[in-house]
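# Coordinate inspection notes
Letter by letter, the chains look like this.
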Amino acid sequence: MSKRREHKIIGLRSTLLSIALFLFFILLSQQFDPYNQSQLANIATLLIAVLSITLLTGASGQISLGQGAIMAVGGYGSALLVTRLGFSMWISFILAIFISALFGLFLGLAAARLSGPYLAGTTLVMALAIPSIAVRFESFFSGDVGLSVDYGMPPVWLTNLVGEISIEEWSLYVVLPFTAAALFAVLNLSNTRTGRTWRAVRDNEVSAALSGINIQRTKVIVFVCASGLAGLAGALYGFRGLVAPSVYPTDLSLTLLTAAVIGGLRSIGGAIFGTFAIVFLPDLIEKITKNLAIPETIGNYLPALTIGTLLLLTVILNPRGAAGALEHIRHRKKH
Amino acid sequence: MTSFLTAFFSGTAQGAIYALVSLGLVLVWRGAGIVNFAQMGQAMFTTYIASQLIQHSYSYWSAFVIALISGAALGALVDLGLMRPLTSRKNSQLLNSQSMRTTIPVIASLGILGVLKALAGIFWAGEERGFPSPVAPNAIKIGSTNLAITGFDLFVIGVVFLTLVLTTIFFTKTGMGLAMRASALNPEVTRLSGIKVGSVRTLGWAISGTASSLAGLLVTPRTNLSPNTLDLLLIVGFTAAVVGGLTSLAGSVLGGFILGYVISFVNVYSAPENVFIAILIFLLLALFIRPQGILGSKEVRRV
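Keep in mind that what you see is a predicted model, and the values were worked out from it rather than measured.

Residues and elements named next belong to chain B. A positive phi angle is found at Ser-57, which is not glycine, with a value near 55°. Secondary-structure assignment places Ser-57 in the loop between helix H2 (39-55) and helix H3 (60-88). Judged by its relative accessible area of 68%, Ser-57 falls in the exposed class.

The next point concerns the nonpolar core. Residues and elements named next belong to chain A. Core analysis: the largest hydrophobic core is formed by 186 residues, its most contacted members being Met-71 and Phe-93. Here this core spans two domains, and each of domain 1 (3-248) and domain 2 (249-335) adds at least three residues to it. Phe-93 has contacts with Tyr-151, Val-174, Phe-178, Leu-232, Ala-235, Leu-236 and Phe-239, leaving out every residue within four places of it along the chain.

Residue and element names in this part refer to chain B. Turning to its location among the elements, Thr-202 is positioned in helix H9 (residues 197-223). On the accessibility criterion, Thr-202 (9% relative accessible area) is buried. A distance of 2.5 Å separates a polar atom in the side chain of Thr-202 from a polar atom in the side chain of Arg-84. Those residues within four positions of Thr-202 in sequence are excluded, and the remaining contacts are Ala-76, Asp-79, Leu-80 and Arg-84.

Moving on, we come to the packing of helix H7 (residues 175-185) of chain B against H9(B). Residues and elements named next belong to chain B. In the contact formed by H7 and H9, the axes pass within 10 Å of each other and the chain directions differ by 105°. In terms of their interaxial angle, H7 and H9 are classed as roughly perpendicular. Between H7, through Met-176, Ala-179, Met-180 and Ser-183, and H9, the contact on the second element is made entirely by Val-197, Val-200, Leu-203, Gly-204 and Ile-207.

Residues and elements named next belong to chain A. By domain assignment, chain A separates into domain 1 (3-248) and domain 2 (249-335). Using C-alpha coordinates to define each centre, domain 1 is positioned 20 Å away from domain 2. Counting residues at the interface gives 41 residues for domain 1, matched by 20 residues for domain 2. Summing the contributions of domain 1 and of domain 2, the shared interface buries around 2,300 Å²; its carbon and sulfur component is 78%. Its largest share of buried area at the contact with domain 2, domain 1 owes to Ile-43, Val-50 and Ile-53, together 22% of the area lost on that side. The tally of links between domain 1 and domain 2 comes to zero salt bridges.

The UniProt entry lists residues 60-82, 103-126, 146-171, 232-263 and 275-295 of chain B under the feature "transmembrane region" (unreviewed entry), expressed in the numbering used here. Along residues 275-295 of chain B the backbone is 71% helical and 0% strand, and the end-to-end C-alpha distance reaches 25 Å.

The next point concerns a nonpolar patch on the surface. All names here are of chain B. Residues Phe-4, Leu-5, Phe-8, Val-268 and Tyr-269 make up a contiguous nonpolar surface patch of about 420 Å² in total accessible area. Secondary-structure elements contributing two or more residues to the nonpolar patch are helix H1 (2-32) and helix H11 (249-269). In terms of residue count, H1 provides more of the nonpolar patch than any other element does, three residues in total. With respect to the element layout, Tyr-269 can be found in helix H11.

With that out of the way, let us pick up the packing of H3(B) against H9(B). Residues and elements named next belong to chain B. Contact geometry for H3 and H9: axes closest at 7 Å, N-to-C directions at 140°. One finds that H3 runs oblique with respect to H9. With respect to the hand of their crossing, H3 and H9 are arranged in right-handed fashion.

On to the interface of chain B and chain A. A common way to express how large an interface is: the accessible area buried when the components associate. Each partner contributes to the interface: chain B provides 49 residues, whereas chain A provides 46 residues. Interface of chain B and chain A: buried area, both sides summed, is about 4,300 Å²; carbon and sulfur atoms make up 76% of it. There are zero salt bridges connecting chain B and chain A. At the boundary of chain B with chain A, the tally comes to zero residue pairs in polar contact (both at pLDDT 80 or more). Elements that contribute at least two residues to the side of chain B that touches chain A include exactly H3, helix H4 (93-96), helix H5 (98-124), helix H10 (231-244) and helix H12 (275-289) of chain B. Tallying contributions element by element places H5(B) first for the side of chain B that touches chain A, with 18 residues. Residues of the side of chain B that touches chain A, tallied by class, amount to 33 nonpolar, twelve polar and four charged.

Criteria and thresholds
Think of each chain on its own: its residues are numbered from 1, step by step along the sequence as written. Note on labels: chains are lettered from A, ligands numbered from 1, in written order. Only residues with pLDDT of at least 70 get local features here, since the model is predicted, and only at 80 or more are side-chain atom pairs given and counted; chain-wide, interface and lining totals rely on the full set of residues. Side-chain numbers come from the whole structure's heavy atoms, not from hydrogens or water. Only DSSP runs of H or I reaching four residues or more are called helices, and only runs of E reaching two or more are called strands; each is numbered from the N terminus. For each residue, the accessible area found with a 1.4 Å probe, counting protein chains only, is set against the maximum for its type, and the residue is called buried under 20%, exposed over 50%, and partly exposed in between. What makes a nonpolar core is a set of buried Ala, Val, Leu, Ile, Met, Phe, Trp, Tyr and Cys residues whose side-chain atoms join them at distances within 4.5 Å. Throughout the structure description, domain borders are defined by an automatic or database domain assignment. In this analysis, two residues are considered to be in contact whenever any of their non-hydrogen atoms come within 4.5 Å of each other. Two N or O atoms form a polar contact when they lie within 3.5 Å of each other; inside protein one atom must be a possible hydrogen donor and the other a possible acceptor, and for residues adjacent in sequence the pair counts only when both atoms belong to side chains. Axis angles are defined between N-to-C directions and span 0 to 180 degrees, where every axis is a line fitted to C-alpha atoms and, for a helix, only to the segment in contact. Orientation labels follow simple angle bins: below 35 degrees gives roughly parallel, above 145 gives roughly antiparallel, 65 to 115 gives roughly perpendicular, and whatever is left gives oblique. The term buried area denotes the loss of accessible surface (1.4 Å probe radius) that occurs when two parts are joined, taken as the sum for both partners. In what follows, salt bridge is the name for a side-chain nitrogen of Lys or Arg lying within 4 Å of a carboxyl oxygen of Asp or Glu. UniProt positions are given in the numbering used here, feature names are shortened, and annotations may be inferred rather than shown by experiment. A patch consists of residues exposed above 30% relative accessible area that lack any salt bridge, with like charges linked at up to 9 Å and nonpolar side chains (Val, Leu, Ile, Met, Phe, Trp, Tyr) linked at up to 5 Å. Using the Shrake-Rupley algorithm and a 1.4 Å probe, accessible areas are obtained, with residue cover drawn only from the displayed protein chains. Each crossing gets its hand from how the near helix is turned against the far one by less than a right angle, where anticlockwise is left-handed and clockwise is right-handed. Basically, the charged four are Asp, Glu, Lys and Arg, the nonpolar ten are Ala, Val, Leu, Ile, Met, Phe, Trp, Tyr, Cys and Pro, and anything else, Gly included, counts as polar.

This is the structure:
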């Protein structure tokens, strides 16, 4: 099979998968009440950020505990463009990708010199420091109060087309095209020459360098791509209502990493599964604690306990995550 | 002048605590090649144990000792129960790749941190509580003039100084300390000379747990105690370890004191909300100018 043809098939597959994801979310939202519809929009938003970790950690082996901070960069970038300069929401989302990618470029230049724990620690410090910049330069970033932004009202042509839609549904419709596009981009990136280069760097830097790969440049490029994705997610996340330091806490960064690990760091399907898990699991636990009449002082900590335990169990028993386990079962059935 | 002295003394006392945290991080890093992000979670947990004991009218010092012992036990438990099985499993496909061997323990330590925080929340409720100190936190007076240093500052500096002296004696004069240094330098050769590298590594985790537990006991009288209080201490301790050199014990202590002064002077001469940004800038500067740290040795990669 010629190389050209291989690429064509991959392109078709990723297009179909992205459309399938889009339709799946739409169909699912029809079954849900407004609260769960907004949770679904959250999933679609956070999925973009989790995909950025799948790229960064899964494909190139760099770890970031500060994706939430990069989301804040995207969120503030787009919110400032809309509130101060009067840009349209859609353009500000696109520009948020470039703003955070630029930020990722600077970060990547520093990060390419770092490995493993150094990178983890530095990004963790960043996750704490960046929200505090918003408080420090209060006149520009509005401090703790934050900037109020929202998705606005659905346009008339859409309501004419599909009838009356709720605010929750509209937020899903705004986010979904970006999610599908992000999925398309990540699928294509990881299955092409670029993605193979990244994996080579991840698996063995020395042998990758000997094959003529520029390690530093590759790492920076990965960082830029992942930051662009995270920034887009941050912009969409902020437009739910508010862009403020409290919207992008350190825990957000860790939650995103947890989603990626639980699902399987190297799998895109795993990223989708993990994002569903971290958004819906707390709701599920809340329901259970209410039914069992567990006091609130304990119930408040149960989601964190469950997610932390899941993370530990995944790392110990099955480091490849849910996707890895699935593959393992499938493999066994064949034999 | 007064504000300078205030900044200097509070910087020394804070720096002493940061030095303990950073020492704990470096001990584990040298022994196991892991940065333990759960370290201050462990310290938070043992400080809660001490606080609980004091509430049940045990004396401060018995609670103090029990907290240190449980810190050591928790450290050893993390190594034996999690990190050792995790890093010794060579056949796993994921751990075969170079970068993942360092990434997976980091994720595991974050998992421990999350679980410990949640457990502390469940056991001891989430609200902040105070933690007593054996010395009154009033400024020391000579005659009628207030000195810029408090009795509690002196207590902290004294305890940490004692700890550092004991640690130095342990590492330079005892056989076990020598074994620890050897196995950090070259595990293979150390194993060949008949030293149980695994047990030595676990001892490193235990000492690290004790040091960070002590840091927790010393910092909470000022910051109060909640499941999240000690997060900041981890960040500062990590920065201190990087500034001083992740591979050097002396460097980690030096880094701790440097960070203590940086933070204290930013607090006094600038504004408290600038502290995070100062830490980030300081860390990035250190990484650009001298990535191996002030006293660290340059990593040699063998092919």
